[in-house]
Amino acid sequence: MKSRTFFYFLVCLGAFVCLFIPFWFAPFIMALFVGMISNQTKIYTCFAHFAVYTMVCAIYCYAAYATGSHKLAAMIGEIFKGISTSLLIIISSLVYGMTACLGAWLGIEWGSVFQKKQT
């Protein structure tokens, strides 16, 4: 991966696609694959995954709430002892971003191991 624009494109595409895969580990797997093929620095890659996945999830959660999921968000908030909807969106987004960050970190490490074996 030569340019940062293509790197951001893959990260944004992965974050968007993961929203529609109904498994909790989807952002981890997608970030793992992008991290394996990335040639960016470790800190840059992990931060980019965290930031992009967090923003995408926050926008998606807010859009879902704004388009009629009021009752569902209220029921989920009641399960967690009355958490407000905005706090629930923030917590969900941070967990989504941290999952992607961990996947990117592991992908970078695995990518470096595989590159060392080939040389």
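So, how was this worked out
Residues numbered from 1 in each chain as written. Predicted model: local features only at pLDDT ≥ 70, side-chain atom pairs only at ≥ 80, totals over all residues. Heavy atoms only, no water. Disulfide = S-S within 2.5 Å. Buried < 20%, exposed > 50% of the residue type's maximum accessible area, 1.4 Å probe, protein only. Helix = DSSP H or I, 4+ residues; strand = E, 2+ residues; numbered from the N terminus. Contact = heavy atoms within 4.5 Å. Core = buried A, V, L, I, M, F, W, Y, C linked by side-chain atoms within 4.5 Å. pLDDT = per-residue confidence, 0-100. Phe/Tyr/Trp six-rings, centres within 6.5 Å; stacked < 30°, edge-to-face > 60°. Axes fitted to C-alpha atoms, helices over the stretch in contact; angles between N-to-C directions. Parallel < 35°, antiparallel > 145°, perpendicular 65-115°, else oblique. Left-handed = near helix turned anticlockwise from the far one by under 90°. Nonpolar A, V, L, I, M, F, W, Y, C, P; charged D, E, K, R; others polar.

So, about the state of the cysteines. Tallied over the full model, the rule gives zero disulfides. Free of any disulfide, Cys 46 has its nearest neighbouring cysteine sulfur in Cys 101, separated by 4.5 Å. Look at Cys 46 and you get buried, because its relative accessible area is 10%. Cysteine Cys 61 is unpaired, with the sulfur of Cys 57 as its nearest cysteine sulfur at 3.8 Å.

Turning our attention to the environment of Gly 107. With respect to the helices, strands and loops of the structure, Gly 107 is situated in helix 5 (residues 85–118). As for Gly 107 and Gly 35, which are separated by 72 residues in sequence, their C-alpha atoms are 4.4 Å apart. Those residues within four positions of Gly 107 in sequence are excluded, and the remaining contacts are Leu 32, Gly 35 and Met 36.

The biggest cluster of nonpolar side chains holds 18 residues, and the ones touching the most others in it are Phe 7, Val 11, Tyr 53 and Tyr 96. The greatest single-element share of this core, amounting to six residues, is contributed by helix 3 (residues 42–66).

The next subject is the environment of Cys 18. Structurally, Cys 18 can be placed in helix 1 (residues 4–18). On the accessibility criterion, Cys 18 (3% relative accessible area) is buried. In the structure, Cys 18 is positioned 10 residues away from Phe 28 in sequence and 9.2 Å away in space, judged by C-alpha atoms. Contacts of Cys 18, omitting those with residues within four sequence positions, involve Ala 26, Pro 27, Met 30, Tyr 53 and Tyr 96.

Here the focus is the confidence of the model for the protein chain. Put simply, the protein chain has an average pLDDT of 86, and 96% of its residues get 70 or more. Per-element confidence in the protein chain is highest for helix 2 (residues 26–37), whose mean pLDDT is 92, and lowest for helix 4 (residues 70–79), whose mean pLDDT is 74.

What follows covers the packing of aromatic side chains. Taken as a whole and assessed by the stated rule, the structure comprises nine aromatic pairs. When the ring of Phe 7 is compared with that of Tyr 44, the centres are 6.0 Å apart and the planes differ by 35°; the resulting orientation is tilted. Here Phe 7, found in helix 1, pairs with Tyr 44, found in helix 3; they are 37 residues apart in sequence, far enough to count as distant. Just as Phe 7 is buried, Tyr 44 falls in that class too. Look at Trp 24 and Phe 25: their rings are 5.5 Å apart centre to centre, the planes differ by 90°, and that puts the pair in the edge-to-face class. Taking relative accessible area as the criterion, Phe 25 reaches 35% and is therefore assigned partly exposed. Among the aromatic side chains, those forming a connected cluster through ring pairs are Phe 7, Tyr 8 and Tyr 44.

Our next topic: the packing of helix 1 against helix 2. In the contact formed by helix 1 and helix 2, the axes pass within 9 Å of each other and the chain directions differ by 165°. Judged on the interaxial angle alone, helix 2 and helix 1 are roughly antiparallel. Here the hand of the crossing between helix 1 and helix 2 comes out right-handed. Side by side, helix 1 and helix 2 meet where Phe 7, Leu 10, Val 11, Gly 14, Val 17 and Cys 18 of the first sit next to Ala 26, Pro 27, Met 30, Val 34 and Ile 37 of the second. Of the residues in the contact of helix 1 with helix 2, the class split is 10 nonpolar, one polar and no charged.

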